[in-house]
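Listed below, chain by chain, are the residues.
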Amino acid sequence: MPLHLDLISTLKDMFGRIDNARPSHARGVFVTGSFTPTDEAKEWSIAPHFSSPSTPVIARFSLFTGIPNIPATDPNANPHGLAVRFLIGDDVKTDIICQSSTVFPANTGEGVLAFFSNYRDGTVEEYAKDHPEALPFMQEDRKFPKNFGTQSFYSINAFKFINAAGKSVFIRYRWVPLSGRQFLTQSELEAKGPNFLFDELPGVFAQGPISFKLVAQVAGEGDITDNCNEIWPEDRQLVELGMLTLTKVTDKEALPPQKNSIVYNAMPGVPGIEPSDDPVLAARARVYPTSGETRRAAEPEN
Ligand code: HEM
C-alpha cells in the first residue's frame, strides 16, 4: 500500500473508520478573521499575504485524534490544532497548519507510520526503547488552555522563504497568543464539562477577538531543516510576520456547501514560500488531499 494510504488507514485503525470525519483532528470549530502583516514580513518573503494590508482568513481550532466527539477534557485531545487558510484572492489561497506541541514522534513518513502502528497495537512503550526520538512527544506534559486562544501553536516542519532579491532562508512558524499563554489548574480542569472549549468560545469572542502573532523562527547556519525532530536552539532569530485577529465562530452560511469540506493543505502553493525537504512534510502533502477527498465524498449536503 502506498505510504500516504497506509498512514490514513492506520489512523482509522486507531480512532475509528468514520468516512466523513478527519482521521486526525476530527473535532474542531471554524473561526473567521483576518491577517495583517508587519512591515518587515515582505522583506523575508514575496508571498502575497505578507504585502497585502489585510487578508481574510478561515481558521479551524481542533482536538487531536480521529474521534469526532472526543471530550475537550480528555488528555488524548491534546495537542490541539490551528489550521489557518489565507483567502488571498479568487482561487489563490495558502494555509499554515500548526499544533500546540513543539515536538513530533518521528522524522519520516515511515517513522510516523511505525509510531502509529505500535500505538494502535499497544506496543508503543516497547517501540520507544529503540526509538528515543519518540520520547519527547510521548512524555510531554500537555496542559489544557483556558480557551483555544491562550496557547502557542507550532508548524513542526520547516519552510523556505524567498524574498524579492531572491534570498532564501528556512523558517518554522509559531503562533503566539496575544493574551499570553494561560492554562487551567487541575481543579479548574476538573470543573469543566466535556465541551468547554467549544461551548465557551462564543463568550470568549464576546469579550473581544482572539489574536495571535505569527512569528518565524529563522534557521541559523548549519541548522538541520529537513528533520522535524531537530529542534533549533531558542536563541535563533524570531521575526514577527503579522497579526491574526479571529473575531467569531464561522457562520454556517459562510462555509462551502459541505460544512466540513475545507481541506487544509500542508503545501504552501504561493510564490515566496516553498516546502523544505522534510520527508514528514512530503508525506503530509499526499495525506491531506487524499483524506479530504474521501471525506468530501462521504459528506451529506447541508
Ligand atoms: C506524517 C505525519 C502526519 C500525518 C500522517 C497526518 C495526518 C493527518 C490527517 C489524515 C489529517 C486530516 C486531513 C483532512 O481530512 O483534512 C490531519 C489533519 C491535521 N493535522 Fe496532521 N498529520 C501529520 C503531521 C502533522 C503535523 C506535523 C502537524 C502539526 C504541525 C499536524 C497537524 C494537523 C492539524 C492541525 C490538522 C487538522 C486540520 C484541519 O483543521 O482541517 N499534522 N493530519
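Residues numbered from 1 in each chain as written. Predicted model: local features only at pLDDT ≥ 70, side-chain atom pairs only at ≥ 80, totals over all residues.

> Account for helix α3 (residues 109-121), naming residues and giving values.
Helix length check: α3, at 13 residues, gives a terminal C-alpha distance of 18 Å against a target of 18 Å (1.5 Å per residue), a fit within 8%. Every buried residue of α3 is accounted for by G109, V112, F115 and F116. Angularly, the buried residues of α3 cover 125° about the axis, an arc narrow enough to put them on a single face. On the buried face of α3, the contacting elements are α1 (3-15), α4 (124-130) and α9 (279-298). (Helix = DSSP H or I, 4+ residues; strand = E, 2+ residues; numbered from the N terminus. Expected span 1.5 Å × (residues − 1). Buried ≥ 20, exposed ≤ 12 C-beta atoms within 10 Å, placed from the backbone. Arc of directions from axis to C-beta. Contact = placed C-beta atoms within 7 Å.)

> I'd like a description of the site of the ligand, backed by residues and values.
Neighbouring the ligand are 31 residues; H25, R60, G81, Q99 and S291 lie closest to it. Taken together, the elements giving at least two residues each to the shell around the ligand come down to α1, β2 (55-63), β3 (80-89), β4 (92-99), α3 and α9. At eight residues, α9 tops the list of elements feeding residues into the shell around the ligand. Looking at the shell around the ligand residue by residue, the classes come out as 16 nonpolar, eleven polar and four charged. (Near = placed C-beta within 6 Å. Nonpolar A, V, L, I, M, F, W, Y, C, P; charged D, E, K, R; others polar.)

> Describe the environment of S168, listing the residues and the values that go with them.
Tracing the backbone through its elements, the reader meets S168 in strand β7 (residues 168-177). S168 gets classed as partly exposed once you count the C-beta atoms within 10 Å, which come to 14. Taking C-alpha positions, S168 is 8.2 Å from S45, a pair spaced 123 residues apart along the chain. Ignoring sequence-local partners within four residues, the contact set of S168 consists of K160, F161 and I162.

> Explain the nonpolar core to me, using residue names and the numbers behind them.
If you look at the biggest cluster of nonpolar residues, it comprises 64 residues, and the most contacted ones within it are A59, L82, V84, C98, I171 and L244. Sorting elements by how many residues they give to this core places α9 first, with six residues. Those residues within four positions of V84 in sequence are excluded, and the remaining contacts are V57, A59, D95, I96 and L244. (Core = buried A, V, L, I, M, F, W, Y, C linked by C-beta atoms within 7 Å.)

> Tell me about unusual backbone geometry, and name the residues and values.
Geometrically, the link from N78 to P79 is a cis peptide bond, its omega value of 5° lying close to zero. Looking at the element boundaries, P79 is found in the loop between β2 and β3. Phi angles above zero are rare outside glycine, and T65 is one such case at about 85°. Judged by local crowding, T65 falls into the buried class, with 21 C-beta atoms found within 10 Å. Of note, the phi angle at D91 is positive, near 65°, even though the residue is not glycine. As for its position among the elements, D91 is in the loop between β3 and β4.

Purely spatial values, then, with no claim about function.
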